[in-house]
Every structure is written in C-alpha cells, then in structure tokens.
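A structural walkthrough
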Amino acid sequence: MKASKFILVFLFLLLAAAPQGFAQDRRSAQDTVERGGWQVAYGAELRGREAEAGEVAPGVLLHNRDAARDWARYLVDEAVRQAEGRYGASALYSFGRSERRDAGRMLLETVSSFLRSRSGGESRMERGPVTFKAGVMVYVDPSRGRERFVPYAGIRMRRDFDRRPDHRPDYRRDGYERRPEIEFDRRPPRPDYGRGY
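Okay, so let's go over this structure. Quick caveat, the model's predicted, so the values are computed rather than measured.

**So, the overall build of the chain**
Regarding its fold elements, the chain presents four helices and eight strands. If you list the helices and strands of the chain from N to C, you get α-β-α-β-β-α-α-β-β-β-β-β. Per-residue burial for the chain yields a buried fraction of 36% across its 197 residues. Nonlocal contacts in the chain, meaning residues at least 24 apart in sequence, comprise 60% of its contacts between residues at least 6 apart.

Right, dumping it as structure tokens:
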C-alpha cells in the first residue's frame, strides 16, 4: 500500500513539473539570446521535421520566396518596434528602409542555413549605432526530450556613438561646450503644440 502511494505521488509530481521545466528551459534559452540589452522578436516554435523542411511559420516555407520575404519583413519590423519602444523612434534614424531590407535578407540566409543543419546560432550586422542580429534559438523540450527551433531577430543600440566630440557641431570660440547626453531608456518628450510654437 505504501509503495503504490509513493509511486502515485511520484508520477503526479513528475507530471506537474513537466510544463514548468519546459517553461524554464525555454526561458533560459531566451535569457541567453536577450542578454546584453537586445530587443528580440521571436518567430514560431518549430519541430525537427518542420526545420528540415524549411518551414519558418505555419504554412510559410523558405522555398516560397514571397511568403518568406513577408515573414522576414514582419519579424524585422517587430524587432524595430520593440527597439523604438525602448530607445525612441529618433534613435533608430540610421536604420532605414534599405537597412531593414538588408536585415531581412540576412535573417533569411541565417535561418535557412541553421535550420538546414538543425543547429542554433546567430549572425550580426552593424549599421551606425544600431546592431542587428538574426539567428535560431535551440532548446530541448524536457517533457518529450525533443529539440525545438525558434528563429529570431534582435536589435541593440550602441550607447557610445553620441560621445565622440569630433562629429558634434557644438564648439565655441572659448572652448568646447558639452551638450547633455542623450538618454535612450526613455522616449523623447513630445513638443507642446498648445504653447504656439
């Protein structure tokens, strides 16, 4: 009687811990990707067979160029939206339409190579103060013991780009007058249109 109760309690605890272990394992993989101040947009979670077939989202295959471009554009735009929420829209002035197009191409090439080899990794691209990264996050689903693949796109701002005095037009005859540093962790204030200027 005692052994059967022990087995039932053990099985109940094992079943209760499985979803929590899944969340912690995925969360630790996400923490690794986001470490260092990255704003990351994640794609769909893929199984091994889907990754081998080149499927990056439900019904979107890498072989279908138009659908894959739209998917990449969506993921890049989502990463840009998250970065704008953190740094402000004016901080991403150097990451325009052509840079987003290049980021989408890099995302497709990176995801296709890593999914084909069923491995994880990333590649990076710098454009001025903006660094873009694209990759595939891999983690193991502990409840089934199978690998899961998640494509992602991330953006990070380099904070030292506004500290170089050689590109700033704020020199005076009596010496250098330093302007206040730009604070990227909050949005810039909106102009007060009610004041008449």
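Picking up where we left off.
**Looking at the nonpolar core**
Counting residues in hydrophobic clusters, the biggest one holds 35 residues, and the most contacted among them are Trp71, Phe95, Leu107, Leu115, Phe132 and Ile155. The biggest single contributor to this core is helix α3 (residues 65-87), with nine residues. Setting aside chain neighbours within four positions, we find Leu107 in contact with Trp71, Ala72, Leu75, Val76, Ala134, Tyr152 and Ala153. If you look at the next biggest cluster of nonpolar residues, it comprises eight residues, including Ala29, Val33, Val40 and Tyr139.

**A short note on the environment of Gln30**
Examined against the element boundaries, Gln30 turns out to sit in helix α1 (residues 2-34). Taking the C-alpha atoms as reference points, Gln30 and Tyr42, twelve residues apart in sequence, are found 9.3 Å from one another.

**Brief notes about the side chain of Arg148**
For Arg148, the location among the structural elements is in strand β6 (residues 146-157). Accessibility expressed as a relative area gives 7% for Arg148, which makes it buried. Of note is the side chain of Arg148, whose polar atom sits 3.4 Å from the side chain of Asp141. Contacts of Arg148, omitting those with residues within four sequence positions, involve Glu45, Leu46, Arg47, Met137, Val138, Tyr139 and Asp141.

**Some words on the pairing of β6**
With nine of twelve residues buried, β6 is to be regarded as a mostly interior element. Pairing of strand β1 (residues 39-42) with β6, which is carried by four bridges, proceeds in the antiparallel orientation. Counterpart to Gln39 in the pairing with β6 is Ile155. Relative to β6, strand β5 (residues 130-141) runs antiparallel, the two sharing twelve bridges. Considered in β6, the bridge of Met137 is made with Val150.

**Observations concerning α3**
Look at α3: 32 Å from first C-alpha to last across 23 residues, which is about the 33 Å you get at 1.5 Å a residue. In this structure, the buried residues of α3 make contact with β1, β2 (55-57), β3 (60-61), α4 (97-116), β5 and β6. With its phi angle positive at about 100 degrees, Gly88 sits one or two positions after the end of α3.

Parameters and conventions
Residues numbered from 1 in each chain as written. Predicted model: local features only at pLDDT ≥ 70, side-chain atom pairs only at ≥ 80, totals over all residues. Heavy atoms only, no water. Helix = DSSP H or I, 4+ residues; strand = E, 2+ residues; numbered from the N terminus. Buried < 20%, exposed > 50% of the residue type's maximum accessible area, 1.4 Å probe, protein only. Contact = heavy atoms within 4.5 Å. Core = buried A, V, L, I, M, F, W, Y, C linked by side-chain atoms within 4.5 Å. Polar contact = N/O pair within 3.5 Å; in protein donor to acceptor, adjacent residues only side chain to side chain. Pairing = 2+ DSSP bridges. Expected span 1.5 Å × (residues − 1).

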